[in-house]
Amino acid sequence: GAVVSQHPSWVICKSGTSVKIECRSLDFQATTMFWYRQFPKQSLMLMATSNEGSKATYEQGVEKDKFLINHASLTLSTLTVTSAHPEDSSFYICSAPSGRGYNEQFFGPGTRLTVL
Amino acid sequence: QKEVEQDPGPLSVPEGAIVSLNCTYSNSAFQYFMWYRQYSRKGPELLMYTYSSGNKEDGRFTAQVDKSSKYISLFIRDSQPSDSATYLCAMLLKGRAQKLVFGQGTRLTINP
């Protein structure tokens, strides 16, 4: 199947700093990517839909000024957690649909963010 | 009521057993049904997807969809310890921004 990578896989930062997470589709182009967060023993919660060349669409309750999304190319989307606080600590995962349709989405390995 | 309901388990079975994982849903407009496997601290991995009622088989895995009952299942035959993971069902509405709707996930442990 298609490969989606994320970087970094694990990051620790101090409260008040900003952290950028990258999501790349390695062997296919993705005009749309999705960002999720996952708390321990819980399912994935969709945060936003990242669209290449346009603004991201955020889910209800997700602060767009806190979670900045940029989809600058057909293979790269970034999520920046601004002014991070301990409650932002979570597992962040991106996904991208393959060229065969949205029913065939491939997920990145995830980024574990810990805010001290 | 959640759109997709999935028993979180945990479910523990002996090696070699047949495992049955299930989800129910309330929205009859769901058209695609997926099963993902997620190992601890990893991203979900797509196992199978179907779009019609009936069975779809891939190796030891069989996905079953019953649209009349709004019920989907994933069967794992000859279960192995390496199958121990969380299994998530996901569904897709055609025409609704193409966003996956996930079940809560079932934690499965296969005991050697």
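What you see is a predicted model, and the numbers here were worked out from it, not measured in a lab. Numbering of residues starts from 1 in each chain and follows the order in which that chain's sequence is written. For naming, the first written chain is A and the first written ligand is 1, with later ones following in the order written. Where totals are concerned, whole chains, interfaces and linings use all residues; where local detail is concerned, this predicted model gives features only for residues with pLDDT of at least 70, and gives and counts side-chain atom pairs only at 80 or more. Note that water and hydrogens are dropped before the side-chain values are worked out from all heavy atoms of the structure.

Novice: Hey, could you run me through the sheet that holds strand β7 (residues 67–73) of chain A in this one?
Specialist: Backbone hydrogen bonds are what pair the strands of a sheet, in a parallel or an antiparallel way. Residue and element names in this part refer to chain A. Read across the sheet, four strands follow the order β1-β3-β8-β7 without closing on themselves; strand pairing throughout is antiparallel. Either end of the sheet is taken by a strand with one partner, and the two such strands are β1 (4–7) and β7. Sheet twist, expressed as the average angle between the axes of neighbouring strands with direction ignored, equals 20°. One bridge is not enough; two strands pair if DSSP finds at least two bridges between them. Secondary structure elements follow DSSP: runs of H or I of four or more residues count as helices, runs of E of two or more count as strands, with numbering from the N terminus. Pairing of β1 with strand β3 (residues 19–25) involves four bridges; the strand directions are antiparallel. By the bridge assignment for β3, Q6 is matched with C23. Simply put, an axis is a line fit to the C-alpha atoms, just over the touching stretch for a helix, and the angle between two N-to-C directions goes from 0 to 180 degrees.

Novice: Which parts of the structure should I look at to understand the interface of chain A and chain B?
Specialist: How large an interface is tends to be reported as the accessible area lost when its parts come together. What makes two residues a contact is simply this: any of their non-hydrogen atoms within 4.5 Å. Across the boundary between the two partners, chain A contributes 20 residues, which contact 20 residues of chain B. Buried surface at the junction of chain A and chain B, both sides included, amounts to about 1600 Å², of which 58% is carbon and sulfur. By convention in these notes, a salt bridge is any Lys or Arg side-chain nitrogen within 4 Å of a carboxyl oxygen on Asp or Glu. Linking chain A with chain B are one salt bridge. Listing elements by their share of the side of chain A that touches chain B, those giving two or more residues are β4 (32–38), β5 (44–51), β9 (90–98) and β10 (101–107) of chain A. Here the quantity called buried area is the total loss of accessible area, with a 1.4 Å probe, experienced by two parts when brought into contact, counted for both.

Novice: Honestly, a nonpolar patch on the surface in this entry has me stumped. Any pointers?
Specialist: Residue and element names in this part refer to chain A. Residues enter a patch when their relative accessible area is above 30% and they make no salt bridge; the linking distance is 9 Å between like charges and 5 Å between nonpolar side chains (Val, Leu, Ile, Met, Phe, Trp, Tyr). In these tables, accessible area is a Shrake-Rupley quantity obtained with a 1.4 Å probe, and a residue counts as shielded only by the protein chains included in the view. Taken together, the side chains of W10, I12 and L116 present a nonpolar region at the surface, about 380 Å² in accessible area. Examined against the element boundaries, L116 turns out to sit in the segment after β11 (111–115). By relative accessible area, which is 63% here, L116 ends up exposed. Think of it in three bands: residues with accessible area under 20% of the maximum for their type are buried, residues over 50% are exposed, and the middle band is partly exposed, with areas taken using a 1.4 Å probe on protein chains only.

Novice: How should the sheet that holds strand β6 (residues 54–58) of chain B be read in this particular structure?
Specialist: All names here are of chain B. Reading across from one edge, β1-β3-β8-β7-β6 is the order of the five strands in this open sheet, with antiparallel pairing throughout. Each of the sheet's edge strands pairs with one partner strand only, and the pair in question is β1 (4–6) and β6. When the angles between neighbouring strand axes are averaged without regard to direction, this sheet yields 20°. Both strand β3 (residues 19–25) and strand β8 (residues 71–76) contribute to a ladder of six bridges, which runs antiparallel. When the sheet's bridge partners are listed, S20 is paired in β8 with F75.

Novice: Can you help me understand the packing of aromatic side chains in this one?
Specialist: Aromatic ring pairs: the centre-centre distance and the angle between the two ring planes describe each pair. Whether two aromatic rings pair depends on their centres lying within 6.5 Å, for rings of Phe, Tyr and Trp, where Trp uses its six-membered ring; planes under 30 degrees apart make the pair stacked, over 60 edge-to-face, and the rest tilted. For the structure shown, the criterion picks out nine aromatic pairs over all chains. Seen in terms of ring centroids, Y25 of chain B and F30 of chain B are 5.9 Å apart; in terms of plane orientation they differ by 80°. Their pairing is edge-to-face. Overall, Y25 of chain B belongs to the buried group, its relative accessible area being 7%. These aromatic residues form a ring-pair network of at least three members: Y36 and F107 of chain A together with Y36 and F102 of chain B. Taking NZ or CZ as reference, K56 of chain B lies 4.6 Å from the ring centre of Y49 of chain B, over its face. Only when the NZ of Lys or the CZ of Arg is both within 6 Å of the ring centre and within 35 degrees of the ring normal is a charge said to sit over the ring.

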